[in-house]
Amino acid sequence: MKLKQSIAIFTAVFFGLLTLVALLFNVSGLSSVILGWASFLAAIALILGVMNLLLVHLTRLFKEQNLYSGVLVLSILGVFAAAVLDGLTGSNSVNALFNWVQAPLEAALASLLAVFLLLAGVQLLKRQHTGWAVLFSVTAVVMLLGQALLTSRLLPAGLRQPVNQIVEFVQNVVVTAGLRGLLIGVALGTLLLSLRLLMGVERPYNK
Amino acid sequence: MTDLVGLIIGLLLTLFIYSYLIGDNPLYRVSVHLLVGVSAAYAVVVVVRQLLLPIWQQVQANPASPDSVIWLVPILFALMLLARRLPSVSWLGNTSLALLIGVGAAVALLGGLTGTLWPQIVGVQPATPLQGIVVALLTICTLLAFQFTALRPRSSGLWQPAMWQRGVTAVGRIVLTITFGALFAALMSTGLILLAERLNFFLTELVQRF
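Here the residue numbers are simple positions, counted from 1 along each chain's written sequence. Chains carry letters from A onward and ligands carry numbers from 1 onward, assigned in written order. Only residues with pLDDT of at least 70 get local features here, since the model is predicted, and only at 80 or more are side-chain atom pairs given and counted; chain-wide, interface and lining totals rely on the full set of residues.

Chemist: Before we move on, could you go through the overall build of chain A and cite the residues and values that matter?
Modeler: Helix numbering and strand numbering both begin at the N terminus, where a helix is a DSSP run of H or I of at least 4 residues and a strand a DSSP run of E of at least 2. Looking only at helices and strands, chain A features seven helices and zero strands. Radius of gyration: C-alpha atoms only; globule rule: 2.2 Å multiplied by the number of residues to the exponent 0.38. For chain A, the C-alpha radius of gyration of 26 Å lies well beyond 17 Å, the compact-globule estimate for 207 residues. When the 207 residues of chain A are sorted by exposure, 27% land in the buried category. Intrachain contacts of chain A at a sequence separation of at least 6 include 28% that bridge at least 24 residues. Counts of 20 or more other C-beta atoms within 10 Å of a residue's own C-beta define buried residues, counts of 12 or fewer define exposed ones, and intermediate counts define partly exposed ones; C-beta atoms are placed from the backbone. Contact between residues is assigned whenever the C-beta positions, reconstructed from backbone atoms, fall within 7 Å.

Here you go:
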């Protein structure tokens, strides 16, 4: 193994185990120092990433005359300019930009989720004529209709209790078990991958 | 006046996004590029203001104190991260990434153990004991649904799952499919609520102002 690779492996294992020991035995001074260093490095990595994004789109703007890249470059520079202006004048331009541009765009994209999901559900039924697709769609319809009917006055009083029982059974028994199984599976996977990283078996930083 | 400008900008951008419903178009693309740029730059501004500036002020206030000197270590690692742009010394950047990954793995290990695994196992509060047993059995079936290999070869010599294993896997897959269906329904109702909220917000604000 090359020395260059060994240094990276040693760093990962050393700082990983040090963090683990500090957190396990509640050595608050040590853990806060190491987590502070990691946060600092992550912040620098984020800044470098955004600078790289800016460079890539500047290149695309001037070499390919891509106007969308121009919009992206202008938006990045605009926020940076607003931040500098805030620092000089004490105004609150960055928050105004967030409230005027980012928040409405994010909310609009999130609200389109219902339409996208509906289209995806229809596509699923069109392309896959399997029992699994039918079970998936029936569950989705039952849950949507059940929740909607339970809160409306359209449902006759006699049907209210059976519908409620079906929705509660699906939510409290089947979905709880399914989600718990998924979460335990994800946690076991995380533990295994973390252990492999801490033992230096997995080395994504040397690729 | 500034609120009105903000409202109109927000309304226009929302309409740009909704224009995707009639197909991919330049207005939608412009708004998405705008979102990426503003989000990325906003993240940088937040990180600089909340994390880097306080460190800088602390170091500037008392440069010789041990609390300040200790920051030389991550600064060194940050410089090594910058070296990734230079091919001859790009391997130095791997060391900084290794530190991040090592610390992240340790935090994820403890987080997964104490934040997810343990609470999911002990934090069960079923309405009845029978419900608890059913949930536990279905959870085990869900986990075993991801067992794709046989435990031992069959008499034919082929590594095929045993009948009980296939039964458990089928039950697990049914539970998973129902779970995904219910999650799909929950996401869809959330999306519908957000859509109604957005429309209601703009309609109310515009009616109040005009």
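Chemist: Break down the nonpolar core for me, citing the residues and quoting the values.
Modeler: What we call a nonpolar core is a set of buried Ala, Val, Leu, Ile, Met, Phe, Trp, Tyr and Cys residues whose membership is set by joining through C-beta atoms within 7 Å. Ranked by internal contacts, the top residues of the largest apolar core, which has 29 residues, are Ala12(A), Leu41(A), Leu99(B) and Ile101(B). Contributions of two or more residues to this core are made by helix H1 (3–24), helix H2 (28–64) and helix H7 (157–198) of chain A together with helix H4 (72–82) and helix H5 (91–122) of chain B. When sequence neighbours within four positions are dropped, the list of residues in contact with Ile101(B) reads Ala12(A), Leu197(A), Pro204(A) and Tyr205(A). Grouped together as the second largest cluster of nonpolar side chains are 26 residues, Ile76(A), Leu105(A), Phe16(B) and Ala40(B) included.

Chemist: Please provide a residue-by-residue account of the domain arrangement of chain B, values included.
Modeler: Its domain assignment divides chain B into domain 1 (1–65), domain 2 (71–121) and domain 3 (124–210). In this document the domain limits rely on a domain assignment from an automatic tool or a database. Between domain 1 of chain B and domain 2 of chain B, the C-alpha centre-to-centre distance is 26 Å.

Chemist: Can you lay out unusual backbone geometry for me, pointing to particular residues and giving the numbers?
Modeler: Residue and element names in this part refer to chain A. One non-glycine residue, asparagine 26, adopts positive backbone phi at about 55°. For asparagine 26, a count of 8 C-beta atoms within 10 Å corresponds to the exposed category. Despite not being glycine, glutamine 65 shows a phi value in the positive range, around 50°. Examined against the element boundaries, glutamine 65 turns out to sit in the loop between H2 and helix H3 (67–89). A tally of 9 C-beta atoms within 10 Å means that glutamine 65 is categorised as exposed.

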